[in-house]
Amino acid sequence: MNSFRAGIVMSLLGCSGALLPLAASAGETLRVAAGATHQLSPAEAQARFDAWILGDGATLVLPPGAEQWRLQVDRATIGQGVRIVGRGAPGANGQAGESIAGRADACRAGHPGGAGNPGNPGAGGAALDLNLGIDKLGSLAIDVSGGAGGQGGAGGRGQDGGIAQQCSGGDGGAGGDAGDGGDGGNGGSARVRYSYLSDQSTPADIPVTVVSEGGAGGTAGPAGRGGSGNEGKYVQARTLSGSQKWVDGGAAGRDGQPGKVGRAGAKGQVVIEQDLNRRLNQLIETGRIANPTPAASRAPADRTEELERKLDEALRRLEALEKHSP
């Protein structure tokens, strides 16, 4: 028996009291005014609400700190343009490498610039399991995208080479390598199960959208510039050809190596489905479908076979009612 059918069989056995094993008890009503933002606390990560009343343009924020959000709402009144936001936080940018100021001592090469640190990875989006009993629904957009990776740190500038004197000038110091961009966070997962509480027919396309894209990879930091060299020159010296000698200057330092762009995060899984289990219970409670009573004295195999038969019958009646509901 698959998990979906098993869940409804449990309902037929009378074991369907709470749809989710939630720590918080029912009784709370959450109200968010039109255009307002309300942040849930991690303590509410597994909660059951009597009602949600969310005005047009209201926003619910799912902050970091909970591995999974499991929210059951017995009666939801949701306006137009309502959002639930559980985006992953962006990664911090990498620290820049040290730049070496000034010029090295005469005839000495400049010190190289420091390498930039890599950007930090973005955080993953929230994992949301939302069960809604819908009284009224305008539109709901859920965003559990991953956070963008942080930018790589810039490479530091190399020190300028020392000037030529009686010896050749020093080369400029190499620029620091750029830091790699951080990887984007993975998109979160979202499972939305819904059931309309009134006898209105269920719309073919429920106005709920979910975005669970992975975060963009962070850009690489700029590479550090090499320090400047210096020109050669004639210096006073007694040579066979005269009183001057040519000494070479120093070459400019090489620029640092470019960094790599971070990898984008993976897209999360999204499921939006009608909660037929809850709908079946509603029809049983209103008397539109008779409540089947299993025979406790029968053997488990016989009870399972009968429940399977009653389940098939109940689902056929449920589908017919849904098609012909006004």
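Counting starts from 1 at the beginning of each chain's written sequence and moves along it residue by residue. Given that this is a predicted model, residues contribute local features only at a pLDDT of at least 70 and side-chain atom pairs are listed and counted only at 80 or more, while totals for whole chains, interfaces and linings are drawn from all residues. Only heavy atoms go into the side-chain values, all of them from the structure, while hydrogens and water stay out.

### Some points on the packing of aromatic side chains
Consideration 1: In this analysis, rings of Phe, Tyr and Trp, with Trp reduced to its six-membered ring, are considered paired at centre separations within 6.5 Å, and the interplanar angle assigns stacked below 30 degrees, edge-to-face beyond 60, and tilted for intermediate values. Counting across every chain of the model gives three aromatic pairs.
Consideration 2: When the centroid spacing of 6.2 Å and the interplanar angle of 85° are considered together, the rings of Tyr194 and Tyr196 count as edge-to-face.
Consideration 3: Judged by centre distance (5.0 Å) and plane angle (65°), the ring pair of Tyr234 and Trp246 falls under edge-to-face. Separated by twelve residues along the polypeptide, Tyr234 in strand S11 (residues 233-239) and Trp246 in strand S12 (residues 242-247) bring together distant segments of the chain.
Consideration 4: A simple rule labels every residue: compare its accessible area, found with a 1.4 Å probe on the protein chains alone, to the largest value its type can have, and call it buried under 20%, exposed over 50%, or partly exposed in between. Under the relative-accessibility criterion, Tyr234 is labelled exposed at 54%. The helix and strand labels rest on DSSP assignments: H or I over at least four residues marks a helix, E over at least two residues marks a strand, and numbering proceeds from the N terminus.

### Here's the deal with the state of the cysteines
Consideration 1: When the sulfur atoms of two cysteines come within 2.5 Å, that pair is taken as a disulfide. Counted under the stated rule, the structure contains one disulfide.
Consideration 2: A disulfide bridge connects Cys107 with Cys167, and the sulfur atoms are separated by 1.8 Å. Looking down the S-S bond of the Cys107 and Cys167 bridge, the torsion is 105°, so its handedness is right-handed. Of this pair, Cys107 sits in the loop between strand S6 (82-85) and strand S7 (128-137) while Cys167 sits in the loop between strand S8 (140-143) and strand S9 (190-196), placing them 60 residues apart in sequence.
Consideration 3: By relative accessible area, which is 33% here, Cys167 ends up partly exposed.

Read these as layout, nothing more, since geometry by itself doesn't imply function.
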